[in-house]
Amino acid sequence: MVELREFALTDAPVLMTWIDGAEALLTWAGPAFSWPLDVDQLAAYAAEASGQRRIWTAVQHDSGEAVGHASLRLDPAHSSARLGRVLVAPSARGRGVGTAMLVKVLASAFDTGELERVELGVFTHNAAAVRLYERLGFACDRVIRDVEHVEGRPWSAMQMSLARPAPDGPAAT
Ligand SMILES: CC(C)(COP(=O)(O)OP(=O)(O)OC[C@H]1O[C@@H](n2cnc3c(N)ncnc32)[C@H](O)[C@@H]1OP(=O)(O)O)[C@@H](O)C(=O)NCCC(=O)NCCS
(Lines give C-alpha, C1' and ligand atoms only; values in the text may rest on other atoms or scores of the structure.)
Protein backbone atom coordinates (compact mmCIF):
# COMPACT_ATOMS: atom_id res chain seq x y z
CA MET A 1 0.00 0.00 0.00
CA VAL A 2 2.74 2.48 0.96
CA GLU A 3 6.49 2.41 0.62
CA LEU A 4 9.14 4.36 2.47
CA ARG A 5 11.87 6.34 0.79
CA GLU A 6 14.37 8.76 2.21
CA PHE A 7 12.94 12.23 2.75
CA ALA A 8 14.27 14.66 0.15
CA LEU A 9 14.11 18.42 0.26
CA THR A 10 12.01 18.26 -2.91
CA ASP A 11 9.30 16.73 -0.66
CA ALA A 12 9.22 19.88 1.48
CA PRO A 13 6.69 21.93 -0.54
CA VAL A 14 4.11 19.13 -0.45
CA LEU A 15 4.72 18.44 3.24
CA MET A 16 4.20 22.13 4.00
CA THR A 17 0.70 21.96 2.48
CA TRP A 18 -0.21 19.26 5.06
CA ILE A 19 0.38 21.69 7.97
CA ASP A 20 -2.26 24.41 8.00
CA GLY A 21 -1.37 26.42 11.09
CA ALA A 22 0.59 26.78 14.29
CA GLU A 23 -1.50 24.23 16.21
CA ALA A 24 -1.09 21.63 13.48
CA LEU A 25 2.67 22.28 13.48
CA LEU A 26 2.90 21.84 17.26
CA THR A 27 0.73 18.73 17.10
CA TRP A 28 2.98 17.22 14.44
CA ALA A 29 6.44 18.03 15.70
CA GLY A 30 6.21 19.60 19.15
CA PRO A 31 8.27 22.78 19.49
CA ALA A 32 10.93 21.64 16.98
CA PHE A 33 9.75 24.07 14.28
CA SER A 34 8.27 27.54 14.40
CA TRP A 35 5.25 28.78 12.49
CA PRO A 36 5.16 29.51 9.60
CA LEU A 37 6.99 26.39 8.53
CA ASP A 38 9.37 27.09 5.65
CA VAL A 39 11.89 25.35 3.43
CA ASP A 40 14.84 26.62 5.46
CA GLN A 41 13.61 24.88 8.61
CA LEU A 42 12.92 21.70 6.67
CA ALA A 43 16.36 21.89 5.02
CA ALA A 44 18.02 22.03 8.46
CA TYR A 45 15.88 19.07 9.55
CA ALA A 46 16.68 17.10 6.38
CA ALA A 47 20.38 17.71 7.02
CA GLU A 48 20.03 15.80 10.32
CA ALA A 49 19.47 12.56 8.39
CA SER A 50 22.26 10.13 9.19
CA GLY A 51 22.85 6.62 10.42
CA GLN A 52 21.28 7.67 13.73
CA ARG A 53 18.45 9.75 12.31
CA ARG A 54 16.25 8.26 9.62
CA ILE A 55 13.72 10.51 7.88
CA TRP A 56 11.19 9.07 5.45
CA THR A 57 8.52 10.09 3.01
CA ALA A 58 5.79 7.47 2.58
CA VAL A 59 4.57 7.13 -0.99
CA GLN A 60 1.65 5.28 -2.51
CA HIS A 61 2.87 2.03 -3.99
CA ASP A 62 1.04 2.42 -7.30
CA SER A 63 1.19 6.17 -8.00
CA GLY A 64 4.34 7.21 -6.13
CA GLU A 65 2.34 10.07 -4.61
CA ALA A 66 3.71 11.32 -1.28
CA VAL A 67 1.16 10.63 1.47
CA GLY A 68 3.10 10.51 4.73
CA HIS A 69 6.17 11.34 6.73
CA ALA A 70 7.95 9.84 9.73
CA SER A 71 11.31 9.90 11.45
CA LEU A 72 13.27 7.68 13.80
CA ARG A 73 16.14 8.83 16.02
CA LEU A 74 18.28 5.91 17.10
CA ASP A 75 19.89 5.73 20.53
CA PRO A 76 22.09 2.62 20.29
CA ALA A 77 23.61 3.22 23.74
CA HIS A 78 20.17 2.53 25.23
CA SER A 79 19.06 0.03 22.56
CA SER A 80 16.15 2.32 21.80
CA ALA A 81 14.84 4.72 19.21
CA ARG A 82 12.43 7.63 19.27
CA LEU A 83 9.69 7.75 16.68
CA GLY A 84 8.59 11.22 15.67
CA ARG A 85 7.31 13.60 13.00
CA VAL A 86 4.47 11.20 12.15
CA LEU A 87 2.21 12.83 9.57
CA VAL A 88 -0.29 11.68 6.95
CA ALA A 89 -1.56 13.96 4.18
CA PRO A 90 -5.00 15.25 5.29
CA SER A 91 -6.64 13.87 2.15
CA ALA A 92 -5.27 10.38 2.89
CA ARG A 93 -6.22 10.12 6.59
CA GLY A 94 -8.55 7.49 8.01
CA ARG A 95 -7.69 4.89 5.38
CA GLY A 96 -4.91 2.96 7.07
CA VAL A 97 -1.99 4.93 5.61
CA GLY A 98 -0.63 5.84 9.05
CA THR A 99 -0.80 2.24 10.17
CA ALA A 100 0.84 0.89 7.00
CA MET A 101 3.58 3.52 7.17
CA LEU A 102 4.42 2.84 10.82
CA VAL A 103 4.41 -0.93 10.35
CA LYS A 104 7.27 -0.36 7.89
CA VAL A 105 9.05 2.14 10.13
CA LEU A 106 8.86 -0.27 13.09
CA ALA A 107 10.08 -3.16 10.95
CA SER A 108 13.07 -1.07 9.96
CA ALA A 109 13.68 -0.26 13.64
CA PHE A 110 13.43 -3.79 14.97
CA ASP A 111 14.63 -5.94 12.08
CA THR A 112 18.32 -5.47 12.83
CA GLY A 113 17.75 -6.98 16.30
CA GLU A 114 19.76 -4.18 17.90
CA LEU A 115 16.88 -2.20 19.39
CA GLU A 116 14.80 -3.32 22.34
CA ARG A 117 12.35 -0.44 22.45
CA VAL A 118 10.78 2.35 20.40
CA GLU A 119 9.48 5.38 22.29
CA LEU A 120 7.43 8.41 21.31
CA GLY A 121 5.60 11.42 22.69
CA VAL A 122 2.06 12.44 21.73
CA PHE A 123 -0.32 15.07 23.03
CA THR A 124 -2.99 13.37 25.12
CA HIS A 125 -5.90 15.00 23.25
CA ASN A 126 -4.63 13.77 19.85
CA ALA A 127 -7.15 10.92 19.65
CA ALA A 128 -6.24 9.81 16.13
CA ALA A 129 -2.54 9.51 16.91
CA VAL A 130 -3.05 7.85 20.30
CA ARG A 131 -5.40 5.32 18.66
CA LEU A 132 -2.89 4.69 15.86
CA TYR A 133 -0.06 4.04 18.33
CA GLU A 134 -2.19 1.85 20.61
CA ARG A 135 -3.29 -0.19 17.64
CA LEU A 136 0.38 -0.84 16.84
CA GLY A 137 0.97 -2.04 20.41
CA PHE A 138 2.39 1.08 22.07
CA ALA A 139 1.43 1.55 25.71
CA CYS A 140 1.44 4.69 27.84
CA ASP A 141 4.41 4.93 30.21
CA ARG A 142 3.57 8.29 31.75
CA VAL A 143 1.82 11.59 31.17
CA ILE A 144 3.68 14.88 31.47
CA ARG A 145 1.10 17.46 32.34
CA ASP A 146 0.82 20.94 30.80
CA VAL A 147 3.99 20.80 28.67
CA GLU A 148 2.60 23.45 26.30
CA HIS A 149 0.04 26.21 26.57
CA VAL A 150 -1.90 27.02 23.43
CA GLU A 151 -4.17 30.06 23.57
CA GLY A 152 -4.46 29.64 27.32
CA ARG A 153 -5.20 25.92 27.17
CA PRO A 154 -2.71 23.48 28.70
CA TRP A 155 -1.58 20.58 26.53
CA SER A 156 -0.32 17.41 28.21
CA ALA A 157 1.96 14.87 26.55
CA MET A 158 1.89 11.10 26.81
CA GLN A 159 5.12 9.13 26.61
CA MET A 160 4.52 5.75 24.98
CA SER A 161 6.76 2.81 24.21
CA LEU A 162 6.73 -0.48 22.35
CA ALA A 163 9.05 -3.38 23.15
CA ARG A 164 10.69 -5.37 20.38
CA PRO A 165 8.31 -8.16 19.38
CA ALA A 166 9.40 -11.61 20.51
CA PRO A 167 11.01 -13.54 17.65
CA ASP A 168 8.81 -16.10 15.98
CA GLY A 169 9.15 -19.58 17.33
CA PRO A 170 10.81 -22.30 15.28
CA ALA A 171 9.02 -23.06 12.06
CA ALA A 172 6.87 -26.16 12.15
CA THR A 173 8.45 -29.11 10.37
C1 LIG B 1 -2.38 10.60 13.46
C2 LIG B 1 -2.36 10.30 11.96
C3 LIG B 1 -0.92 10.09 11.52
C4 LIG B 1 -3.18 9.03 11.70
O5 LIG B 1 -3.02 8.67 10.34
P6 LIG B 1 -4.17 7.84 9.56
O7 LIG B 1 -3.62 7.44 8.25
O8 LIG B 1 -5.43 8.63 9.56
O9 LIG B 1 -4.34 6.57 10.52
P10 LIG B 1 -5.07 5.18 10.17
O11 LIG B 1 -6.07 5.41 9.08
O12 LIG B 1 -4.01 4.15 9.95
O13 LIG B 1 -5.87 4.91 11.53
C14 LIG B 1 -5.23 4.36 12.65
C15 LIG B 1 -6.25 4.21 13.77
O16 LIG B 1 -6.61 5.52 14.26
C17 LIG B 1 -8.03 5.67 14.21
N18 LIG B 1 -8.33 7.06 13.88
C19 LIG B 1 -8.04 7.72 12.75
N20 LIG B 1 -8.51 8.99 12.85
C21 LIG B 1 -9.09 9.08 14.05
C22 LIG B 1 -9.74 10.15 14.75
N23 LIG B 1 -9.85 11.38 14.19
N24 LIG B 1 -10.20 9.92 15.99
C25 LIG B 1 -10.06 8.70 16.57
N26 LIG B 1 -9.43 7.65 15.97
C27 LIG B 1 -8.97 7.86 14.73
C28 LIG B 1 -8.46 4.75 13.11
O29 LIG B 1 -9.85 4.43 13.25
C30 LIG B 1 -7.55 3.58 13.31
O31 LIG B 1 -7.99 2.76 14.39
P32 LIG B 1 -8.84 1.43 14.11
O33 LIG B 1 -8.06 0.62 13.13
O34 LIG B 1 -8.98 0.82 15.43
O35 LIG B 1 -10.13 1.89 13.52
C36 LIG B 1 -3.02 11.46 11.14
O37 LIG B 1 -4.30 11.72 11.67
C38 LIG B 1 -2.20 12.74 11.14
O39 LIG B 1 -1.32 12.93 10.30
N40 LIG B 1 -2.49 13.66 12.09
C41 LIG B 1 -1.82 14.94 12.16
C42 LIG B 1 -0.37 14.83 12.65
C43 LIG B 1 -0.26 14.09 13.97
O44 LIG B 1 -1.10 14.22 14.85
N45 LIG B 1 0.83 13.31 14.11
C46 LIG B 1 1.13 12.56 15.32
C47 LIG B 1 2.03 13.33 16.18
S48 LIG B 1 2.46 12.41 17.66
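Because the structure is predicted, anything quoted here is derived from the model rather than measured.

Visitor: What exactly am I supposed to notice about the packing of aromatic side chains here?
Guide: Each aromatic ring pair is specified by the distance between its two centres and by the angle formed by the two planes. A full pass over the atoms with the stated rule returns 5 aromatic pairs. Consider the rings of phenylalanine 33 and tyrosine 45, whose centres lie 5.5 Å apart with planes at 85 degrees: the pair is edge-to-face. Taken together, the positions of phenylalanine 33 in the loop between α2 (22-29) and α3 (39-46) and tyrosine 45 in helix α3 put the pair 12 residues apart, joining distant regions of the chain. Given the relative accessible area of 10%, phenylalanine 33 is considered buried. Look at phenylalanine 123 and tryptophan 155: their rings are 4.9 Å apart centre to centre, the planes differ by 70 degrees, and that puts the pair in the edge-to-face class. Of this pair, phenylalanine 123 sits in strand β5 (residues 117-123) while tryptophan 155 is found in strand β7 (residues 153-163), placing the two residues 32 residues apart along the sequence. For the pair formed by phenylalanine 123 and tryptophan 155, the shared burial category is buried.

Visitor: I keep staring at empty space enclosed by the protein and nothing clicks. Help me out?
Guide: Over the atoms a probe the size of a water molecule is rolled, and this reveals where empty space is left. Scanning the model with the defined rule gives 1 cavity of 30 Å³ or more in all. Computed from the structure, the largest cavity encloses a volume of approximately 30 Å³. Grouping the amino acids of the lining of the largest cavity by side-chain chemistry returns 5 nonpolar, 3 polar and 1 charged.

Visitor: What should I look at first to understand the site of the ligand in this one?
Guide: Near the ligand lie 21 residues; those nearest to it are Val86, Thr99, Asn126, Arg131 and Arg135. In this structure, glycine 96 approaches the ligand through a main-chain N or O atom, which is 2.7 Å from an oxygen atom. For the ligand, an oxygen atom lies 2.6 Å from a polar atom in the side chain of arginine 131. Expressed as a share of its isolated accessible area of 940 Å², the protein-covered part of the ligand is 74%. Put simply, the parts of the chain that give the shell around the ligand at least two residues each are α2, β4 (80-88), α4 (97-110), β5 and α5 (127-135). Ranked by residues supplied to the shell around the ligand, first place goes to α5 with 6 residues. The residue makeup of the shell around the ligand, split by class, is 10 nonpolar, 7 polar and 4 charged.

Visitor: Explain the environment of aspartate 40 here, please?
Guide: You can see aspartate 40 is positioned in helix α3. Accessibility expressed as a relative area gives 63% for aspartate 40, which makes it exposed. Counting along the chain gives 28 residues from aspartate 40 to alanine 12, while the straight-line C-alpha distance between them is 9.6 Å.

Visitor: Is there a simple way to explain unusual backbone geometry in this structure?
Guide: Comment: phi is negative for the bulk of residues other than glycine, and the bulk of peptide bonds are trans. Cis geometry marks the peptide bond from tryptophan 35 to proline 36, where omega comes out at 0 degrees. For proline 36, the position within the fold is in the loop between α2 and α3. Its identity is not glycine, yet serine 79 carries a phi of approximately 50 degrees, on the positive side. Along the chain, serine 79 turns up in the loop between β3 (66-75) and β4. The exposure class assigned to serine 79 is partly exposed, which follows from its relative accessible area of 24%. At glutamate 151, a residue that is not glycine, the phi angle is positive and equals roughly 50 degrees. Secondary-structure assignment places glutamate 151 in the loop between β6 (139-150) and β7. Taking relative accessible area as the criterion, glutamate 151 reaches 73% and is therefore assigned exposed.

Conventions we followed
- Residues numbered from 1 in each chain as written.
- Predicted model: local features only at pLDDT ≥ 70, side-chain atom pairs only at ≥ 80, totals over all residues.
- Heavy atoms only, no water.
- Phe/Tyr/Trp six-rings, centres within 6.5 Å; stacked < 30°, edge-to-face > 60°.
- Helix = DSSP H or I, 4+ residues; strand = E, 2+ residues; numbered from the N terminus.
- Buried < 20%, exposed > 50% of the residue type's maximum accessible area, 1.4 Å probe, protein only.
- 1 Å grid on protein atoms, 1.4 Å probe; cavity = no way out; pocket = protein on both sides within 12 Å on 5 of 7 lines; lining within 4 Å.
- Points joined across faces, edges and corners; volume = space filled by probe spheres on them.
- Nonpolar A, V, L, I, M, F, W, Y, C, P; charged D, E, K, R; others polar.
- Near = heavy atom within 4 Å.
- Polar contact = N/O pair within 3.5 Å; in protein donor to acceptor, adjacent residues only side chain to side chain.
- Areas by Shrake-Rupley, 256 points an atom, 1.4 Å probe, with all protein chains shown as cover.

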